[in-house]
Amino acid sequence: MLVLGIILLVVGFVTGISILWTIGIVLAVIGAILWIMGSMGHAFAGRRHYW
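Residues numbered from 1 in each chain as written. Predicted model: local features only at pLDDT ≥ 70, side-chain atom pairs only at ≥ 80, totals over all residues. Heavy atoms only, no water.

Draft legend 1. Structural view of the overall build of the protein chain. A tally of helices and strands in the protein chain yields two helices and zero strands. Burial analysis of the protein chain (51 residues in total) assigns 20% to the buried set. Contacts in the protein chain between residues at least 24 apart in sequence constitute 26% of all its contacts with a sequence separation of at least 6. Just so you have it, the protein chain exposes about 3,900 Å², and 78% of that area is on carbon and sulfur atoms. (Helix = DSSP H or I, 4+ residues; strand = E, 2+ residues; numbered from the N terminus. Buried < 20%, exposed > 50% of the residue type's maximum accessible area, 1.4 Å probe, protein only. Contact = heavy atoms within 4.5 Å. Areas by Shrake-Rupley, 256 points an atom, 1.4 Å probe, with all protein chains shown as cover.)

Structure below.
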């Protein structure tokens, strides 16, 4: 999810499409939160790891 968010950020920035930029920011933030929670060992929504 984090990688997809970063890809959408780059594509939205290059093409100038603001909706891709917004979706990319949201996915990158959610992906970073899940990555941090998984690395700390906290289970989120019944899953311990998210890749």
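Draft legend 2. The environment of Phe13, seen in detail. Looking at where Phe13 falls in the secondary structure, it is placed in helix H1 (residues 2-15). Classification of Phe13 as exposed rests on a relative accessible area of 63%. Separated by 11 residues in the primary sequence, Phe13 and Gly24 place their C-alpha atoms 10.0 Å from one another.

Draft legend 3. Spotlight on the packing of aromatic side chains. Tallied over the full model, the rule gives one aromatic pair. Relative to Trp21, the ring of Phe13 lies with its centre 6.0 Å away and its plane at 40°, an arrangement referred to as tilted. (Phe/Tyr/Trp six-rings, centres within 6.5 Å; stacked < 30°, edge-to-face > 60°.)

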